[in-house]
Amino acid sequence: MINERVITKLDNKEAIWNSIKDKKISIIGYGNQGRSQALNMRDNGLNVIIGNREDNYKKQAKDDGFSVYSISDAVKISDIVFFLIPDEIQPEIYKKELANNLKKGATLVFASGFNYFYGYVKPDNVNILLIAPRMIGWGIRDKFKKQEGFPVLIAVEKNVTGNAEDILKALTYAIGALGKGGCAITSSSREETLIDLLSEHTWVGSMLYMFRAYYEVATEFGASPEAVILELYASGELAEIADSMKDIGLFKQLRTHSHTSQYGQLTTGPEFVTNETKELIRQKAMEILNGKFAREWMNEQQTGMIVYNKLHELAAEHPMEKEEEKLYKILGRIK
Ligand code: NDP
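Residues numbered from 1 in each chain as written. Predicted model: local features only at pLDDT ≥ 70, side-chain atom pairs only at ≥ 80, totals over all residues. Heavy atoms only, no water.

Attention shifts here to the pattern of salt bridges. Opposite charge on two side chains makes pairing possible when the charged atoms of those side chains draw close. Across all of its chains, the model carries 23 salt bridges by this definition. The network of salt bridges with common partners includes Glu4, Glu165 and Lys169. (Salt bridge = Lys/Arg side-chain N within 4 Å of Asp/Glu carboxyl O.)

See below:
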């Protein structure tokens, strides 16, 4: 067990680095995360190869100067395997290309807790690590070039070689997370899955539908669609508020708004978040932890994504979508 909850630097670097410096590392999936993590590790002097199916990503990896193999061939010759294809595809690809090819005593790295926590991918005889960046792929590369780090949740889920913790810390450093301002939080697949899905199932999703409701009411009371869309998100003010939360703090950033705005937010905000809301959040947390949501989502994928496609269609039919498109054309954001 790692003792520190928050790690900002690699102590005892030389000894820890020895756990990976001569290892062959493969990145399976040269996509958003895969490309950035591969480039960062190679720049840190590591031996990185790519496993990808035949497609444009494969061409990109070759253009970037990597040796590229089929997924199964890359896994066969690697000591450390980063599994960086989309979560919903991992179980099938694991069965077909990884299960029989992972070397005994190799290390398998996930960037998301989902498949390991729910047992959709559960290998034996290998170390299992979680290195889950809180950063989009291009940000990981961009920050690395500026010698800046980024937050990442890390865990040793299985330690068959006895030195999985050293490998975890070394790889966390190698992908660039511990650059200036970055940190690794000691976590688990359970925690990573809970907090990731719980965000999506509570405040992120409800924000989209809250915006819709606001649009409907404001236009009903005579506001123009353009003004409303700009007010809600198109002006970029929302992104600036989010940036201030990151830099100053959730409630401390309130002080940068007008007094009228502060008073209004503090008095009306709590009206929308009642005990019933909190109970609903609790229910969503339980549905994540007991696997109800995961089973529903797996079933949805196996039965042709009918609900998923229907909900996208419904969302696209809302009048706000057309108004947004008109506005974004005028503003030159889309053609
Ligand atoms: P991408 O969608 O960018 O992954 C694309 C890669 O997966 C490509 O190489 C793609 O090749 C390959 N791939 C897709 N489908 C298949 C398939 N059927 N068979 C073989 N290869 C396939 O993934 P991300 O980088 O977004 O996500 C990777 C992991 O990182 C996930 O576990 C995700 O949860 C995690 N993560 C992602 C973050 C992000 O910002 N995106 C942030 C933190 C974690 P092809 O061109 O053939 O489709």
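Now that the structure has been shown, the text picks up again.
A separate point is the packing of helix H15 (residues 306-317) against helix H16 (residues 319-330). Taken N-terminus to C-terminus, the directions of H15 and H16 make an angle of 65°; their axes are 4 Å apart at the nearest point. Along its contact with H15, which presents Ala315, Ala316 and Glu317, the element H16 presents Pro319, Glu321 and Lys322. Grouping the amino acids of the contact of H15 with H16 by side-chain chemistry returns three nonpolar, no polar and three charged. (Axes fitted to C-alpha atoms, helices over the stretch in contact; angles between N-to-C directions. Helix = DSSP H or I, 4+ residues; strand = E, 2+ residues; numbered from the N terminus. Contact = heavy atoms within 4.5 Å. Nonpolar A, V, L, I, M, F, W, Y, C, P; charged D, E, K, R; others polar.)

The strand order E1-E9-E8-E7-E6-E5-E2-E3-E4 describes an open sheet built from nine strands, whose pairing is mixed. Edge positions in the sheet fall to strand E1 (6-7) and strand E4 (68-69), since each has one partner strand and no second. Against the sheet, helix H5 (residues 90-98) makes contact with strand E5 (80-83) and strand E6 (107-110), and its axis sits at roughly 150° relative to E5, the strand it touches most. (Pairing = 2+ DSSP bridges.)

Helical geometry note: an α-helix holds 3.6 residues per turn, so side chains three or four residues apart project in the same direction. Counting buried residues in helix H8 (residues 164-174) gives eight out of eleven residues, a clear majority hidden from the surface. Along H8, the residues that are buried comprise Ala164, Ile167, Leu168, Lys169, Ala170, Leu171, Thr172 and Ala174. With its phi angle positive at about 105°, glycine 176 sits one or two positions after the end of H8. (Buried < 20%, exposed > 50% of the residue type's maximum accessible area, 1.4 Å probe, protein only.)

Let us look at unusual backbone geometry. If you check the backbone angles, asparagine 125 has positive phi at about 60° while not being a glycine. Within the secondary structure, asparagine 125 is located in the loop between helix H6 (114-117) and strand E7 (127-133).

If you check the shell around the ligand, you find 23 residues, and the closest are Asn52, Arg53, Asp55, Tyr57 and Asp87. Contacts to the ligand include glutamine 33, whose backbone N or O atom sits 2.8 Å from an oxygen atom. For the ligand, an oxygen atom lies 2.6 Å from a polar atom in the side chain of asparagine 52. About the coverage of the ligand: the protein hides 78% of its 890 Å² of free accessible area. Looking at side-chain class alone, the shell around the ligand contains twelve nonpolar, eight polar and three charged residues. (Near = heavy atom within 4 Å. Polar contact = N/O pair within 3.5 Å; in protein donor to acceptor, adjacent residues only side chain to side chain. Areas by Shrake-Rupley, 256 points an atom, 1.4 Å probe, with all protein chains shown as cover.)

In this structure, Ile20, Met41, Ile50, Phe82 and Leu171 are the most contacted members of the largest nonpolar core, which totals 37 residues. Mapped by element, the contributors of at least two residues to this core are helix H1 (13-17), strand E2 (24-28), helix H2 (32-43), strand E3 (47-51), E5, E7, strand E8 (151-158) and H8. At six residues, the largest contribution of residues to this core is made by H8. In this view, isoleucine 20 contacts Leu46, Ile80, Ile167, Ala170, Leu171 and Ala174; residues no more than four positions away in its chain are not counted. Listed in part, the 23 residues of the second largest apolar core include Ile85, Tyr116, Val126 and Leu130. (Core = buried A, V, L, I, M, F, W, Y, C linked by side-chain atoms within 4.5 Å.)

The subject of this paragraph is the pairing of E7. In terms of burial, E7 is largely enclosed, as seven of its seven residues are buried. Neither face of E7 is left uncovered, since the one carrying Asn127, Leu129, Ile131 and Pro133 and the one carrying Ile128, Leu130 and Ala132 both have all their residues buried. Bridge analysis of E6 against E7 gives four bridges, and the strand direction is parallel. Residue pairing across strands places phenylalanine 110 opposite leucine 130, the latter belonging to E7. In terms of strand pairing, E7 meets E8 through six bridges, oriented antiparallel. Following the sheet pairing, alanine 132 is matched in E8 by leucine 153.

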